[in-house]
Amino acid sequence: MKIPYPYLPEGHEIKYVPADNPFMLEAKNYSREHSLDSTVPTGSVVVKNGEIIGRGANGSDYHKTHECERVKRGIPTGQGYELCEGCHPKNHSEPRAIADAKKKGHDTKGADLYLWGHWWACEPCWNAIIEGGIANVYLMEKSQELYNKEHPDNVIGRQFA
């Protein structure tokens, strides 16, 4: 089945692992503990040579005190992140996990990234992934159903239930 991602750079693909994959479970647990986005919490881990070298969760506390400009304007998912401080790509789990690995002195070239809680990666996140030399991006099986707000079987708002 070909998944119609809102964005996927040419020459790249997304791979899938089961929900019980240990790296996906770590991304989920990190999201549960550290994400500041109560609607769509995400977590990412960067893995190299079988070891987690970086972790990141999405969100900021901006939305607690400010209205989301993207929501006010009805901007579709994956667009206009720069219009809202709370949605800005610097607050996404993928670049945060890559930055965490680099901050700890790890080379991310050839590493893998596991993303829990979303069904695709936006263009700014893909740019960070590519710039970081990440070899593979893994999502959880059925994520395109579970985390897509438009899919009737989504679990948005009940991700940890």
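The structure presented is a predicted model; accordingly, all values stated were derived computationally and were not measured.

A.B. asks: Any chance you could break down the layout of surface pockets for me, citing the residues and the numbers?
C.D. replies: Take a probe with the size of a water molecule and roll it over the atoms, and the empty space left behind shows itself. Counted as a void, the largest pocket has a volume near 880 Å³. Every residue lining the largest pocket is counted, 35 residues in all, and those nearest its centre are Asp37, Val40, Arg70, Cys87 and Lys149. Contributions of two or more residues to the lining of the largest pocket are made by helix 2 (62–65), helix 3 (69–73) and helix 4 (93–103).

A.B. asks: How would you explain the packing of aromatic side chains if you had to name every residue and give the values?
C.D. replies: A complete count under the given rule lists six aromatic pairs for this structure. Plain terms: the ring middles of Tyr114 and Tyr138 are 4.7 Å apart, the flat faces sit at 15° to each other, and that makes the pair stacked. Highlighted residues: Tyr114 in strand 4 (residues 112–116) and Tyr138 in strand 5 (residues 136–140), separated in sequence by 24 residues. Judged by its relative accessible area of 7%, Tyr114 falls in the buried class. Assessed through its relative accessible area of 14%, Tyr138 is described here as buried. Through pairs of rings, three or more aromatic residues link up here, namely Tyr5, Trp119 and Trp120.

A.B. asks: For the packing of helix 4 against helix 5 (residues 123–131), give the residues involved together with the corresponding values.
C.D. replies: Between helix 4 and helix 5, the shortest axis-to-axis distance is 8 Å and the interhelical angle comes to 25°. Overall, the two elements helix 4 and helix 5 adopt an arrangement that is roughly parallel. Taken as a pair, helix 4 and helix 5 cross one another with a handedness that is left-handed. Contact residues: Glu94, Pro95, Ile98 and Lys102 in helix 4; Cys125, Ala128, Ile129 and Glu131 in helix 5. Across the contact of helix 4 with helix 5, the residue classes break down as five nonpolar, no polar and three charged.

A.B. asks: For the side chain of Glu94, give the residues involved together with the corresponding values.
C.D. replies: Here Glu94 shows up in helix 4. No salt bridge forms around the buried Glu94; measuring N to O, its nearest opposite-charge neighbour Arg96 is 9.1 Å away. Beyond its immediate sequence surroundings of up to four residues, Glu94 is in contact with Ser44, Leu113, Leu115, Ala121, Cys125 and Ile129.

Rules behind the numbers
Residues numbered from 1 in each chain as written. Predicted model: local features only at pLDDT ≥ 70, side-chain atom pairs only at ≥ 80, totals over all residues. Heavy atoms only, no water. 1 Å grid on protein atoms, 1.4 Å probe; cavity = no way out; pocket = protein on both sides within 12 Å on 5 of 7 lines; lining within 4 Å. Points joined across faces, edges and corners; volume = space filled by probe spheres on them. Helix = DSSP H or I, 4+ residues; strand = E, 2+ residues; numbered from the N terminus. Phe/Tyr/Trp six-rings, centres within 6.5 Å; stacked < 30°, edge-to-face > 60°. Buried < 20%, exposed > 50% of the residue type's maximum accessible area, 1.4 Å probe, protein only. Axes fitted to C-alpha atoms, helices over the stretch in contact; angles between N-to-C directions. Parallel < 35°, antiparallel > 145°, perpendicular 65-115°, else oblique. Left-handed = near helix turned anticlockwise from the far one by under 90°. Contact = heavy atoms within 4.5 Å. Nonpolar A, V, L, I, M, F, W, Y, C, P; charged D, E, K, R; others polar. Lys, Arg positive; Asp, Glu negative; His and termini not counted. Salt bridge = Lys/Arg side-chain N within 4 Å of Asp/Glu carboxyl O.

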